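# An overview of the molecular structure
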Amino acid sequence: MSDIVIVGAGIHPFGRTDGRTGLEQGVFAIREALADAGLEWSDMEFAFGGSSAAGSADAVLPRLGLTGIPFINVNNGCATGGSALLSGYAAIKSGEFDIGVVVGFDKHPRGAFNADPEASGLPRWYGETGMMLTTQFFANKITRYMALHGISQRTLGLVAEKAFDNAVHAPHAWRRSPVDLDTILNAPMVSDPLTKFMFCSPAEGGVALIVASEKKARELGLSGPKVRGAAIRTRPVGSFEVFAPALEIERGKSAVELASAATWEMAGIGPQDVDVAQLQDTESGAEIMHMAENGFCSDGEQERLIADGETRLGGRMPVNTDGGCLACGEPIGASGLRQVYENVQQLRDRANGRQVEGARIAYSQVYGAPGLSGCVVLER
Amino acid sequence: MAIAVAENLFRGSGADARLLAGRSRQSGKLVFPCPQGADADDYDVVELAREGTLWSYTIQRFKPKTPFNGDGDEVNFKPYGVGYVELPGQLIVEGHIVANDLGALRIGQPMRVTTEAYRTTDAGEAVLTYAFCPADEAHRHEQANEGDNS
C-alpha cells in the first residue's frame, strides 16, 4: 500500500489580522501550500476543510477555481483540522484519489469563547450560573493533577515561559516576545491556579497541507514527510472532559489516551522514538498532563523533566517548538493543522532558529471540546 | 422569597438542600442533572447525599459572557468558586463553591450541599442555585441564606 506524504504546507500567520476574514486566511494558506509544492489549484483532486466560526470552508472555491472537485466540509470542534487531515489521508489510502488539499481556518471574537448550553445538550442553568467555561475545566483538571502528582505552580510558569521563548523564532506565531517567569507567575489569575499568561486566547489563522500518495509525489518529483499514523478518538466512559456537570466515581481513560494509543499502534513506533512533539496546550497544565497522557512520561515526572529543560529547544524532547497554542492563539479550525505544519517544517529542516537538529519522527496531538483528541505521527 | 434557577435540580435551601439526580430504571445508573424532556420517563428522581469530599476546584476570576446572568457587572464582579465534590458511592458533581476563604480549599476536605443566591431578578427576587461549602461552614451559610431570604 502506498504511503501518504505531505508535499506542501502553507500557513496564514496566527493572531489578529484586521481587515482579513477567516475565509481569506484559509485561501491565503492554500495558495502558500500550493506554491510550496510548486502545484496549481487545478492539480487538486479533492479537498477537506473546516472552520468553527468563519463560515463554510468550501466558500474558498470561487476564489481558487471552480474545478468541480469534491470539497467536503468538516466540523469537528477543536479536532476540525485534524479531522480534515485524517479524511484526506483516508481518501488517498482508499485508492480513489492521489492528491488533494486539507485546510482549516478560523476567526474568533476577542475574549473567552461563549458557549451555548442547548447546542451541547446541556440545560440552560448550567450556562446561566456561570459553569459552562472551558477555562474552568482546564483549571479543575490541573488543580487535581497537581495535588495528586506533585506538580508545582512554578512548573506551570515554566511551560508558558518556554512557549513565548520558542515563538520568538516562529514567523507564524502571534505573541513573539519573551515573558519572564516572575511576570507569568505574578500576572492576574484567570481561573486559579492559571494566570493570564498560562492560557491561550481565541485567535485567527489558516493552515493548508497538500497530501499525496507516495507514487503521485514521485511522479511529480515531490517529496515530504510521511504520515506514519493518525487517529481521532472521542471521550470514553469515566473520562473528565469539558462541560461535565457530573462524573462517574470510577475513573477511566481520556480521549487523548485512546487517540494516542491508536496512533502509536498504527505507526508501529512509540513515544521513545519521537524527536519533536506538538502537544495541545490550551493552558500550561494541559501540556503537562498531555505529556503523560500521550505516553512521553509517567504522571508526576514532568516536574523534573521541565525543571531540567528537557522539553525546551535543545532538550531531550522539545515540545511545542513554535510556542504552541499559548503563543499562537487558538483558531479552532486551524489549530490542529498548525501543529502538523510546524512538524513538517521541523522534518524539512526549515524551522529556522527553532530547528530540532536531525529530527526524524514528529508527533502532534490536539484536544478540545466536546472531549475529543486527534494525533498524527510524521516521519522524515 | 427566593426562587430556584431550575426545576428538578435541588430541593430545599441552605443546609437542608438536597441535589436531585435521575436513576435509570433500566441500569440503576445515576445521572446528574436529571434528564429532561423525552428521556425523563426512563429515570426516577432521587436525592443525592448531603455530604462528600472536595475532588477539585478553581476560582472564576472574570465575568463570564452570556448566557451567564449572575449579579455584578464587569467592574464589581465577584469571583466565585467552581469545583467538583465526590458524593460517596454516587457521583462526582460540579457546582459553585462557597467558602469563607476560597484560597484555603484543599482537595479531600469534607463538603456539604447548600444553596447560593447567585442573582437577583428585576423584581428583586433572589434566584438560588445549588452550591457546596466546607462542611464545617455549613451552619454559617445556612444563616446567610436565611438572611438573604428574609
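Here, the structure is the one placed above.
None of these values were measured; they are calculated from a predicted model.

## Things to note about the overall build of chain B
Counting its secondary structure elements, chain B contains one helix and 10 strands. Element order for chain B, N to C, with α for helix and β for strand: β-β-β-β-β-β-β-β-β-β-α. The C-alpha radius of gyration computed for chain B amounts to 16 Å, which stays within 12% of the reference 15 Å derived for 150 residues, consistent with globular compactness. Judged by the C-alpha coordinates and their principal axes, chain B covers about 50 × 35 × 30 Å.

## Considering the overall build of chain A
Each helix and strand in chain A was counted, giving 13 helices and 12 strands. Taken against the 2.2 N^0.38 rule, which gives 21 Å for 380 residues, the C-alpha radius of gyration of chain A at 19 Å falls within 12% of a compact globule. For chain A, the C-alpha atoms occupy an extent of roughly 55 × 45 × 40 Å along the three principal directions. Across the 380 residues that make up chain A, the buried fraction comes to 62%. Restricting to contacts in chain A with at least 6 residues of sequence separation, those with at least 24 account for 75%. For chain A, the exposed surface amounts to about 13,100 Å²; the carbon and sulfur share of it is 49%.

## Description of the nonpolar core
Of all hydrophobic cores here, the largest spans 132 residues; its most connected members are Trp125(A), Tyr363(A), Leu19(B), Phe32(B), Val93(B), Tyr130(B) and Phe132(B). Residues contacting Trp125(A), with those up to four places away along its chain left out, are Met131(A), Val5(B), Ala6(B), Leu9(B), Phe32(B), Pro33(B) and Tyr130(B). Within the second largest apolar cluster, 28 residues are counted, among which are Val7(A), Ala33(A), Leu34(A) and Leu64(A).

## Comments concerning the pattern of salt bridges
Residue and element names in this part refer to chain A. The tally for this structure, following the rule as stated, stands at 27 salt bridges over all chains. The salt bridge partner of Arg312 is Asp165, with a shortest N-O separation of 2.7 Å. Highlighted residues: Arg312 in the loop between helix H11 (302-307) and helix H12 (324-328) and Asp165 in helix H6 (residues 153-167), separated in sequence by 147 residues. Two residues, Asp308 and Arg304, come together in a salt bridge whose shortest N-O distance is 3.3 Å. Where salt bridges share partners, they join Glu301, Arg304, Asp308, Glu310 and Arg316 into one cluster.

Calculation rules
- Residues numbered from 1 in each chain as written.
- Chains lettered and ligands numbered in written order.
- Predicted model: local features only at pLDDT ≥ 70, side-chain atom pairs only at ≥ 80, totals over all residues.
- Heavy atoms only, no water.
- Helix = DSSP H or I, 4+ residues; strand = E, 2+ residues; numbered from the N terminus.
- Rg over C-alpha atoms; globule rule 2.2 N^0.38 Å.
- Buried < 20%, exposed > 50% of the residue type's maximum accessible area, 1.4 Å probe, protein only.
- Contact = heavy atoms within 4.5 Å.
- Areas by Shrake-Rupley, 256 points an atom, 1.4 Å probe, with all protein chains shown as cover.
- Core = buried A, V, L, I, M, F, W, Y, C linked by side-chain atoms within 4.5 Å.
- Salt bridge = Lys/Arg side-chain N within 4 Å of Asp/Glu carboxyl O.

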